[in-house]
Amino acid sequence: MSKLLKCLINKDISCVPIWFMRQAGRYLPEFKKIRSKNQNFLKLCFNSDLASELTMQPMKRFNLDAAIIFSDILVIPYALRQQIEFREKNGPWNKNLNINKFLETKEKDFLLTLKPVYEAIKKTKQTLKKDKSLIAFVGAPWTLLIYIYNLKENHNLSEKINLKNKSEIKHILKKLDEFLKLHIIHQKEAGAEIIQIFDSWAGLIKEGELDEYCFNPNRSLVKFCNENEIPSICFPKGLKNKYQEFIEKVKPTAISIDQEVDPLWAKNNFKEVCIQGGMNPKLLLGNERVALEETERYLDIFKNNPYIFNLGHGILPETNPEIVKKIVDRVNLVKR
Ligand code: CP3
């Protein structure tokens with residue numbers, strides 16, 4: 001069994017598995033080389049040979065315990081027939097919001113669009129060493145809603161959402177719940193062993209609406225993973241002191257914490273869950289000694305917990321790969 005699965009399934013604390021969000025990305029020269037020849041980001045995600053190659057790039061460079069399939073959370077609204085574009089400076093954009101097309105998309109067509117993702121998973125699984133894990137992922141419904149409606153640049157998001165037709169939102173959330181489950185199970189059948197659920201914008205939900213937009217939708221996906229024996233890692237970024245309520249209500253196999261969560265508070269209050277991540281990705285941009293001291297601090301705090309080393313968010317494009325290597329090598333020395 002891989003180190004990561006031992007941690008997730010057996011709550012084994014004898015080792016600390018390590019991987020990074022955005023471990024395949026612009027901080028790697030070999031990534032930039034392929035990316036520069038493939039201007040259309042979504043097309044790149046749907047090129048199964050290249051997606052598999054990009055997934056493997058960080059595995060070749062570092063002794064990581066898991067590969068995360070190179071794809072994006074926005075392949076879902078795309079497969080639900082929205083015109084998603086990745087703009088150079090301003091990030092993703094839904095050019096043509098069309099709720100009818102979204103709600104009317106058939107399972108068969110959705111899966112046909114996403115077939116290259118499943119192919120990329122199959123290919124990667126064949127190349128990946130047996131002691132490494134393969135992680136697949138989905139975006140949580142709320143976070144996808146933000147991108148579907150292009151609300152990312154807005155403040156008062158809950159109000160903006162509430163100004164919309166409530167019944168329309170309900171229908172969208174229901175469709176996402178159904179189709180995200182389809183994507184989860186097809187990724188599993190293709191060879192993925194673990195699912196991470198990214199709720200990157202959970203921190204923007206008003207307190208009184210957390211059940212509706214965050215806890216219930218995440219719970220539904222985690223339950224589905226449980227029914228299909230897939231370990232789940234939830235990342236409700238920005239929830240601050242509501243992380244604890246999230247764990248109690250959603251009950252994921254593991255919880256990924258961001259850099260705003262005090263790791264000592266997490267250690268003392270999060271029960272029956274593996275903890276992942278936490279370290280500020282910005283610390284990888286500066287002094288190597290400081291980055292390694294912070295690595296040590298997280299390892300020490302979580303020495304008696306099932307802990308997966310990762311960061312509080314994705315690796316930043318300006319990161320020096322040499323610092324990443326030093327951290328990976330340090331974490332791999334842990335034997336308890
Ligand atoms: O290595 C990995 O972690 C796997 C691949 C992965 C990507 N996106 C590739 C990617 C994963 C897991 C994601 C998830 C994702 N995508 C999230 C959730 C995690 C998070 O960051 O909060 C979100 C919100 C998105 C949406 C998205 N995709 C944005 C906002 C952007 C543009 C902004 C940016 O940081 O570049 C993307 C593009 C994207 N997805 C890139 C990569 C490597 C950068 C593409 C490039 O310009 O080269």
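In this text, all values refer to a predicted model and were calculated from it rather than measured experimentally.

**Q** Just checking my understanding: could you explain the nonpolar core for this structure?
**A** As a rule of thumb, nonpolar side chains are buried together in soluble globular proteins. Judged by nonpolar contacts, the single largest core of 123 residues is most densely connected at Phe20 and Phe309. Looking at this core element by element, the count peaks at ten residues for helix H10 (residues 166-190). Excluding anything up to four places from it in sequence, Phe20 contacts Leu64, Ile68, Phe309, Asn310, Leu311, Ile315, Val324, Ile327 and Val328.

**Q** Any chance you could explain the pairing of strand S5 (residues 194-198) here in plain terms?
**A** Consecutive side chains along a regular strand alternate between the two faces of the sheet. Burial within S5 is extensive, with five of its five residues counted as buried. Residue alternation in S5 divides its side chains into two sets, Ile194, Gln196 and Phe198 and Ile195 and Ile197, and both sets are buried. Both strand S4 (residues 133-139) and S5 contribute to a ladder of five bridges, which runs parallel. Bridged to Gly139 within S5 is Phe198.

**Q** Would you explain empty space enclosed by the protein in this entry?
**A** In this approach, a probe sized like a water molecule rolls over the atoms, and the result shows the empty space that is left. Tallying each qualifying case throughout the model produces two cavities of 30 Å³ or more. By volume, the largest cavity is sized at about 70 Å³. For the largest cavity, the lining is made up of ten residues, of which Pro92, Trp93, Tyr147, Asn150 and Lys152 are closest to its centre. The element that contributes the greatest number of residues to the lining of the largest cavity is strand S3 (residues 91-94), accounting for three residues. Taken together, the residues of the lining of the largest cavity break down into six nonpolar, two polar and two charged.

**Q** What should I look at first to understand the packing of H10 against helix H11 (residues 210-227) in this one?
**A** The contact between H10 and H11 brings their axes to 10 Å, and the two run at 25 degrees. With respect to each other, H10 and H11 are oriented roughly parallel. For H10 against H11, the interelement crossing comes out right-handed. Seen from H10, the contacting residues are Lys166, Ile169, Leu173, Asp177, Leu180, Lys181, Ile184 and Ile185; seen from H11, they are Glu212, Tyr213, Ser220, Leu221, Phe224 and Cys225. Considered class by class, the residues forming the contact of H10 with H11 number nine nonpolar, one polar and four charged.

Analysis parameters
- Position labels on residues start from 1 in each chain and follow its written sequence.
- In keeping with the predicted nature of the model, local features appear solely for residues at pLDDT of at least 70, side-chain atom pairs appear and are counted solely at 80 or more, and the whole-chain, interface and lining totals rest on all residues.
- As a rule here, side-chain values come from all non-hydrogen atoms in the structure, and water together with hydrogens is ignored.
- We call a set of buried Ala, Val, Leu, Ile, Met, Phe, Trp, Tyr and Cys residues a nonpolar core when their side-chain atoms join them within 4.5 Å.
- Each residue gets one of three labels from its accessible area relative to the maximum for its type: buried under 20%, exposed over 50%, partly exposed in between, using a 1.4 Å probe on protein chains only.
- Secondary structure elements are defined from DSSP: runs of H or I of at least 4 residues count as helices, runs of E of at least 2 residues count as strands, and each element is numbered from the N terminus.
- Contacts: residue pairs with any heavy atoms within 4.5 Å of one another.
- Each pair of strands is called paired provided DSSP finds at least two bridges between the two strands.
- Here a cavity denotes grid points, spaced 1 Å and computed from the protein atoms alone, that fit a 1.4 Å probe unable to get out, and a pocket denotes an open set having protein on both sides within 12 Å along at least 5 of 7 lines; residues with an atom within 4 Å of a point are the lining.
- Grid points are joined across faces, edges and corners, and a volume is the space filled by probe spheres set on the points.
- Throughout this entry, Asp, Glu, Lys and Arg are counted as charged residues, while Ala, Val, Leu, Ile, Met, Phe, Trp, Tyr, Cys and Pro are counted as nonpolar. The remaining residues, Gly among them, count as polar.
- In this analysis, axes come from line fits to C-alpha atoms, helices being fitted only over the stretch in contact, and the angle between any two N-to-C directions falls in the range 0 to 180 degrees.
- Between 65 and 115 degrees an angle is taken as roughly perpendicular, under 35 as roughly parallel, over 145 as roughly antiparallel, and anywhere else as oblique.
- Two helices cross in a left-handed way if the nearer one is turned anticlockwise from the farther one by less than a right angle. They cross in a right-handed way if the turn is clockwise.

Read these as geometric descriptors, not functional statements.
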